[in-house]
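Observations on chain architecture
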There are 2 protein chains.
Amino acid sequence: MADPAPLRRLAIVGLGLIGSSLARAARHYGMAESIVAIDRDPAVLDRVRALGLADEVTGDLAGVAESDLVILCVPVGAVGAVAEAMAAHLTPGAIVSDVGSVKVAVVQALSPHLAPGIHFVPAHPVAGTEYSGPDAGFSTLFSGRWCILTPLPESDPEPVERVQRFWEGIGAIVETMTPEHHDLVLAITSHVPHLIAYNIVGTAADLEEVTQSEVIKFSAGGFRDFTRIAASDPTMWRDVFLANKDAVLEMLGRFNEDLSALARAIRWGDGDALHALFTRTRAIRRGIVAMGQETAEPDFGRGRSGSKPEAP
Amino acid sequence: MADPAPLRRLAIVGLGLIGSSLARAARHYGMAESIVAIDRDPAVLDRVRALGLADEVTGDLAGVAESDLVILCVPVGAVGAVAEAMAAHLTPGAIVSDVGSVKVAVVQALSPHLAPGIHFVPAHPVAGTEYSGPDAGFSTLFSGRWCILTPLPESDPEPVERVQRFWEGIGAIVETMTPEHHDLVLAITSHVPHLIAYNIVGTAADLEEVTQSEVIKFSAGGFRDFTRIAASDPTMWRDVFLANKDAVLEMLGRFNEDLSALARAIRWGDGDALHALFTRTRAIRRGIVAMGQETAEPDFGRGRSGSKPEAP
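Residues numbered from 1 in each chain as written. Chains lettered and ligands numbered in written order. Predicted model: local features only at pLDDT ≥ 70, side-chain atom pairs only at ≥ 80, totals over all residues.

Our focus in this paragraph is the overall build of chain A. Counting secondary structure elements, chain A contains twelve helices and nine strands. Computed over C-alpha atoms, the radius of gyration of chain A comes to 22 Å, within 12% of the 20 Å expected from 2.2 N^0.38 for 312 residues, which places it in the range of a compact globule. Projected onto the principal axes, the alpha-carbon positions of chain A cover approximately 65 × 45 × 40 Å. For chain A, long-range pairs separated by at least 24 residues make up 74% of all intrachain contacts whose partners lie at least 6 apart in sequence. (Helix = DSSP H or I, 4+ residues; strand = E, 2+ residues; numbered from the N terminus. Rg over C-alpha atoms; globule rule 2.2 N^0.38 Å. Contact = placed C-beta atoms within 7 Å.)

Structure, rendered in structure tokens:
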């Protein structure tokens with residue numbers, strides 16, 4: 001007989017890209033005897049049922065009862081309200097976790113609603129695509145990607161370990177840090193990159209001298225890469241920027257200082273400064289490829305048949 | 001018997017990613033009876049010989065003699081010197097073209113060196129990868145991509161048509177505009193995107209609070225996309241920014257204004273303004289995918305086996 005699943009009952013609240021991927025992964029890797037999917041949107045519930053992603057599908061937060069692990073996969077701005085509404089239904093000893101891209105604000109929003117005897121282990125899987133909703137998920141989304149846990153000083157070690165084993169069980173690599181440090185790291189590796197991607201797509205769309213059709217046609221020169229990130233979920237990202245305001249503005253300030261120096265180098269024709277930076281940045285990508293966090297294929301392997309190097 | 005190739009002798013000067021892809025494509029699509037590859041770097045010539053990319057391989061610009069089409073595939077900053085050195089070897093009636101990402105500066109640098117009877121048709125294929133050198137090229141690089149021609153007011157129509165047919169023959173779609181307009185369009189669709197990608201990678205590398213190892217590990221949150229562009233050829237890009245200074249600084253000014261407004265919205269908690277922009281930018285990507293300039297696969301189809309949506 002196979003080993004019993006590590007979890008008896010796993011509740012996933014919010015069945016978007018991340019939540020639906022978690023449901024698929026938990027089932028695929030046999031991490032829970034039973035999965036309950038909870039979402040407030042009836043259209044999402046219909047899709048979750050049609051896709052057969054969970055054993056129980058409900059719009060009622062009372063569905064978290066009897067779960068040993070409850071993972072909130074809702075936008076960061078909704079975490080507090082969801083926690084408040086579900087708190088009374090949690091079973092003592094349950095672990096509550098989340099997948100939010102911001103951690104300090106989530107800890108502040110969630111903690112006040114959790115009774116003693118409920119364990120809270122904040123988590124953030126650094127993975128995703130530009131698509132949203134239950135149809136966009138897939139079971140290997142977290143495979144080989146990092147999941148950051150930000151346990152609180154008062155956290156019991158045992159629930160933290162259970163959450164770690166859950167993420168490792170679905171293929172992720174786990175790292176632990178404080179919520180504050182998480183928010184700083186993600187500001188530069190994720191939040192500011194999204195902000196400048198959204199921004200340049202907006203700037204391009206608003207030009208009078210260059211038509212939108214020209215921007216679209218000639219986007220293969222670099223612009224199109226930014227549009228992928230700028231197609232990410234608007235509600236999720238609005239909440240991220242509002243919730244991680246201080247770290248985002250701090251990192252954006254650094255970015256702006258550096259960009260001013262680059263603009264100055266261009267204006268004054270300082271080719272050596274440009275060349276030095278452009279050489280230095282190549283090394284970072286090599287590190288990311290070497291760490292298995294990125295493909296080495298040219299152009300991301302995009303349009304594979306057309307863009308592979310080949311013999312002449 | 002097959003039709004004769006459209007060109008008798010095609011000379012390619014500079015056998016990097018673009019030049020070597022042109023050599024491969026010209027042969028693959030039967031565009032020239034004979035191809036001569038010219039490069040000043042002996043190591044490049046060795047690779048071109050080993051790869052068998054051309055019928056003649058030489059370090060001597062006299063190799064352009066008797067060619068009906070000569071395409072300069074050198075960094076924009078080198079175009080003037082190469083033109084000067086090869087001018088005496090050109091055969092009357094020859095067409096000189098290029099592939100530079102900047103057009104006004106190239107026209108200014110090249111034109112003075114061309115004798116009457118030599119036709120000049122500036123061109124820019126909007127295609128590439130983050131890799132450089134003769135080994136990085138492939139014959140389908142230009143397939144389905146746009147190539148912009150910027151003929152001069154005094155240009156004969158016939159050579160322009162020959163260059164157009166050449167690019168169409170290797171799979172590109174051709175559009176014509178003025179050099180000035182080209183430089184403005186590419187500033188926003190290519191040059192500024194590269195500048196901000198180089199910039200954010202530099203900013204991230206310089207942080208004290210966040211280690212380089214953390215930047216690399218957690219890059220899947222968005223940052224890694226920028227590192228691809230920031231791994232592009234340093235010399236080529238240094239020259240682009242110096243040669244298209246005015247348009248780049250103008251577009252960068254727009255980008256900065258918009259970014260300041262976004263930062264302000266974050267600081268003052270204006271979630272509606274953020275959400276409105278983040279929704280608008282999704283439409284641009286849909287346009288790019290619909291135009292065949294981008295894959296619709298999640299995450300660019302990156303690491304295909306792992307990131308395809310699938311049934312649960």
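On to the relation of the copies chain A and chain B, then. When chain A is fitted to chain B, the residual RMSD is 0.0 Å, and the transformation amounts to a turn of 180° plus an axial shift of 0.0 Å. Both copies are brought into coincidence by an operation consistent with a two-fold rotation axis. Looking at chain A, 100% of its interface residues are interface residues in chain B too, so the copies touch through the same face. (Least-squares fit on C-alpha atoms with pLDDT ≥ 70 in both.)

Of the residues in chain A, 96% have a pLDDT of 70 or more, and the chain-wide mean is 94. Reported confidences for the modelled complex are a pTM of 0.92 and an ipTM of 0.91. (pLDDT = per-residue confidence, 0-100.)

Residue and element names in this part refer to chain B. Ordered in space as 7-8-9, the three strands form an open sheet in which the pairing is mixed. Each end of this open sheet is capped by a strand with a single partner; those strands are strand 7 (123-125) and strand 9 (173-176). Each adjacent strand pair in this sheet contributes to an overall mean axis angle of 20°, direction not counted. The strands touched by helix 5 (residues 157-169) within the sheet are strand 7, strand 8 (146-149) and strand 9, with strand 8 carrying the most contacts at an inclination of about 170°. (Pairing = 2+ DSSP bridges. Axes fitted to C-alpha atoms, helices over the stretch in contact; angles between N-to-C directions.)

Below, the discussion takes up the interface of chain A and chain B. Between chain A and chain B, the contact holds 106 residues from the first and 107 residues from the second. Here the side of chain A that touches chain B is composed, by residue class, of 54 nonpolar, 28 polar and 24 charged. (Nonpolar A, V, L, I, M, F, W, Y, C, P; charged D, E, K, R; others polar.)

All names here are of chain A. With parallel pairing, six strands are arranged side by side in an open sheet as 3-2-1-4-5-6. Each edge of the open sheet carries a strand with a single partner, namely strand 3 (56-58) and strand 6 (119-121). Taking the axes of each pair of neighbouring strands and ignoring which way they run, one obtains an average angle of 20° across the sheet. In the sheet, strand 2 (residues 32-38) pairs with strand 3 via three bridges, with the strands oriented parallel. Paired with V36 across the strands is E56, a residue of strand 3.

Let us now look at the pairing of strand 4 (residues 69-72) of chain B. Residue and element names in this part refer to chain B. The two faces of strand 4 match: L69 and I71 on one face and V70 and L72 on the other face are all buried. Pairing analysis gives four bridges linking strand 1 (residues 7-13) to strand 4, with the strands arranged parallel. Across the sheet, the residue bridging to A11 is V70, located in strand 4. At this point the chain moves from strand 4, through helix 3 (residues 79-86), to the parallel strand 5 (residues 95-98), and the crossover so formed is right-handed. (Buried ≥ 20, exposed ≤ 12 C-beta atoms within 10 Å, placed from the backbone. Right-handed = clockwise from strand over helix to strand, strands pointing away.)

One turn of the α-helix equals 3.6 residues, which is why residues spaced by three or four share an orientation. Residues and elements named next belong to chain A. Given a rise of 1.5 Å per residue, 13 residues ought to cover 18 Å, and the 18 Å separating the end C-alpha atoms of helix 5 (residues 157-169) matches this to within 8%. Those residues of helix 5 that fall on the buried side of the exposure criterion are P159, V160, V163, Q164, F166 and W167. Looking down the long axis of helix 5, one finds its buried residues gathered within 155° of arc, a one-sided arrangement. Across from the buried face of helix 5, at angles greater than 90 degrees, the exposed residues are P157 and E158. Where helix 5 is buried, its residues contact strand 4 (69-72), strand 5 (95-98), strand 6, strand 7 (123-125), strand 8 (146-149) and strand 9 (173-176). G171 lies just past helix 5 and shows a positive phi near 100°. (Expected span 1.5 Å × (residues − 1). Arc of directions from axis to C-beta.)

On to the pairing of strand 5 of chain B, then. Both faces of the sheet carry side chains from a regular strand, because those side chains alternate between them. All names here are of chain B. Side chains I95 and S97 of strand 5 all project onto a buried face; the interleaved residues V96 and D98 project onto the opposite face, where all are buried too. Here four bridges tie strand 4 to strand 5, and the two strands are oriented parallel to one another. Among the inter-strand pairings, I71 is bridged to a residue of strand 5, identified as S97. Note: strand 5 against strand 6 (residues 119-121), three bridges, orientation parallel. Bridge pairing in strand 6 links V96 to F120. Between the parallel pair strand 5 and strand 6, the chain is carried across by helix 4 (residues 104-110), and the sense of this crossover is right-handed.

On to the packing of helix 6 (residues 179-206) of chain A against helix 6 (residues 179-206) of chain B, then. A pair of packed helices is captured by two measures, namely the crossing angle of their axes and the spacing between those axes. Orientation of helix 6 of chain A relative to helix 6 of chain B, taken along the N-to-C sense of each, is 160°, at an axis distance of 11 Å. Considered as vectors, helix 6 of chain A and helix 6 of chain B are oriented roughly antiparallel to each other. With respect to the hand of their crossing, helix 6 of chain A and helix 6 of chain B are arranged in right-handed fashion. Of the residues in helix 6 of chain B, those in contact with I188(A), V192(A), P193(A), I196(A), I200(A) and A204(A) of helix 6 of chain A are I188(B), V192(B), P193(B), I196(B), I200(B) and A204(B). (Parallel < 35°, antiparallel > 145°, perpendicular 65-115°, else oblique. Left-handed = near helix turned anticlockwise from the far one by under 90°.)

Residue and element names in this part refer to chain B. Position of L45 among the secondary structure elements: in helix 2 (residues 42-51). In sequence terms L45 and A283 are 238 residues apart; their C-alpha atoms lie 45 Å from each other. Here L45 is in contact with D39, V57 and G59, once residues within four sequence places are set aside.

To continue, consider the nonpolar core. Counting residues in hydrophobic clusters, the biggest one holds 214 residues, and the most contacted among them are I12(A), A37(A), V70(A), V192(A), I12(B), A37(B) and V192(B). Every residue in contact with V192(B), bar those within four places of it in the chain, is listed here: I200(A), A187(B), V248(B), M251(B), L252(B) and F255(B). (Core = buried A, V, L, I, M, F, W, Y, C linked by C-beta atoms within 7 Å.)

Let us now look at the domain arrangement of chain A. Each assigned domain of chain A is listed here: domain 1 (8-177) and domain 2 (181-295). Put simply, the middle of domain 1 of chain A and the middle of domain 2 of chain A, counted by C-alpha atoms, are 30 Å apart. (Domains from an automatic or database assignment.)

Between helix 10 (residues 245-267) of chain A and helix 6 of chain B, the least distance of the axes is 9 Å, while the angle of their chain directions is 125°. Classified by the angle their axes make, helix 10 of chain A and helix 6 of chain B are oblique. Taken as a pair, helix 10 of chain A and helix 6 of chain B cross one another with a handedness that is right-handed. Of helix 6 of chain B, the residues touching helix 10 of chain A (which contributes R254(A), F255(A), D258(A), L259(A) and L262(A)) are L195(B), I196(B), N199(B), I200(B), G202(B) and T203(B). Taken together, the residues of the contact of helix 10 of chain A with helix 6 of chain B break down into six nonpolar, three polar and two charged.

A word on unusual backbone geometry. Positive phi values are uncommon outside glycine, yet F300(A) reaches one of about 65°. Mapped onto the elements, F300(A) comes out in the loop between helix 11 (271-290) and helix 12 (304-307). Located in the positive-phi region is D299(B), a residue other than glycine, with phi close to 55°. The topology assignment puts D299(B) in the loop between helix 11 (271-290) and helix 12 (304-307). With 23 C-beta atoms counted inside 10 Å, the residue D299(B) sits in the buried group.

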